Amino acid sequence: MTGIRTYRGSCHCGAVHFEADIDLSAGTIRCNCTLCAKQRNWAAIVAPAAFRLLQGAAALSAYRCNTGIEQHVFCAVCGIKPFHTGASPQRGPYVAVSVACLDDATAAELAAAPVSWLDGRNDDWTIRTDPIGP
């Protein structure tokens, strides 16, 4: 499937619900920074206008590391990190939606989604097509 589709997502316990307009065929991002690597983060990047938090703002807690530009939010009830927000020189403001939290994305859609890699561990945010080691 190609093109933008509205996906619905949530945390594990259901306290947080969102929807986002995502084109999975346009690609997803993996990063090797210590936070993303430990969380096994895999995200689809969207503009803030393409993301809507439907429920659970009060259930979200935030963690900021390094520069503090990115806000890594997680459900304070179940601990799941459904998305994070930030700004990058290449994209400007963005929302990184955890594809694992997309409730209506099929296994086939996720398997077909291209993956790009970032070398966050070395503070190099150049988008690459090959995995980057630690």
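Residues numbered from 1 in each chain as written. Predicted model: local features only at pLDDT ≥ 70, side-chain atom pairs only at ≥ 80, totals over all residues. Heavy atoms only, no water.

**Let's talk about the overall build of the chain**
Step number 1: Within the chain, the regular secondary structure consists of two helices and eleven strands.
Step number 2: Counting from the amino terminus, helix and strand elements in the chain follow one another as β-β-β-α-β-β-β-β-β-β-α-β-β.
Step number 3: Computed over C-alpha atoms, the radius of gyration of the chain comes to 14 Å, within 12% of the 14 Å expected from 2.2 N^0.38 for 134 residues, which places it in the range of a compact globule.
Step number 4: Reported as C-alpha extents along the three principal axes, the dimensions of the chain are approximately 35 × 35 × 25 Å.
Step number 5: Out of the 134 residues in the chain, the part that is buried amounts to 42%.
Step number 6: Considering only contacts within the chain whose residues lie at least 6 apart along the sequence, 53% involve residues at least 24 apart.
Step number 7: Of the roughly 7200 Å² that the chain leaves accessible, carbon and sulfur atoms contribute 54%.
Step number 8: Side-chain charges in the chain split into 11 positive and 11 negative, and the spacing between the mean points of these groups amounts to 6 Å. (Helix = DSSP H or I, 4+ residues; strand = E, 2+ residues; numbered from the N terminus. Rg over C-alpha atoms; globule rule 2.2 N^0.38 Å. Buried < 20%, exposed > 50% of the residue type's maximum accessible area, 1.4 Å probe, protein only. Contact = heavy atoms within 4.5 Å. Areas by Shrake-Rupley, 256 points an atom, 1.4 Å probe, with all protein chains shown as cover. Lys, Arg positive; Asp, Glu negative; His and termini not counted. Charge placed at Lys NZ, Arg CZ, Asp CG, Glu CD.)

**Focus on unusual backbone geometry**
Step number 1: Notably, R40 is not glycine yet its phi reads approximately 55°, a positive angle.
Step number 2: Among the secondary structure elements, R40 is positioned in the loop between helix 1 (34–39) and strand 4 (42–46).

**Examining the pairing of strand 8 (residues 83–88)**
Step number 1: In this structure, strand 7 (residues 71–75) lies alongside strand 8, joined through three bridges in antiparallel fashion. Of the residues in strand 8, the one forming a bridge with Q71 is T85.
Step number 2: As judged from the six bridges shared by strand 8 and strand 9 (residues 92–98), these two strands associate in the antiparallel manner. Across the sheet, F83 pairs through a bridge with V97, a residue of strand 9.
Step number 3: Counting the residues in the hairpin turn of strand 8 and strand 9 gives three residues. (Pairing = 2+ DSSP bridges.)

**Some words on the sheet that holds strand 1 (residues 5–10)**
Step number 1: Taken together, three strands build an open sheet; the order of strands is 1-2-5 and the sheet is antiparallel. The sheet is open, and its two borders are formed by strand 1 and strand 5 (51–55), each paired with just one other strand. Strand-to-strand twist in this sheet, taken as the mean axis angle between neighbours without regard to direction, amounts to 20°.
Step number 2: In this structure, strand 1 lies alongside strand 2 (residues 17–22), joined through six bridges in antiparallel fashion. Note on strand 2: the bridge partner recorded for G9 is F18. (Axes fitted to C-alpha atoms, helices over the stretch in contact; angles between N-to-C directions.)

**Here we look at the state of the cysteines**
Step number 1: For the structure shown, the criterion picks out zero disulfides.
Step number 2: For C75, which is in no disulfide, the shortest distance to another cysteine sulfur is to C13 and amounts to 3.8 Å.
Step number 3: Look at C75 and you get buried, because its relative accessible area is 1%.
Step number 4: Left without a disulfide partner, C101 is nearest to the cysteine sulfur of C11, which lies 7.7 Å away. (Disulfide = S-S within 2.5 Å.)

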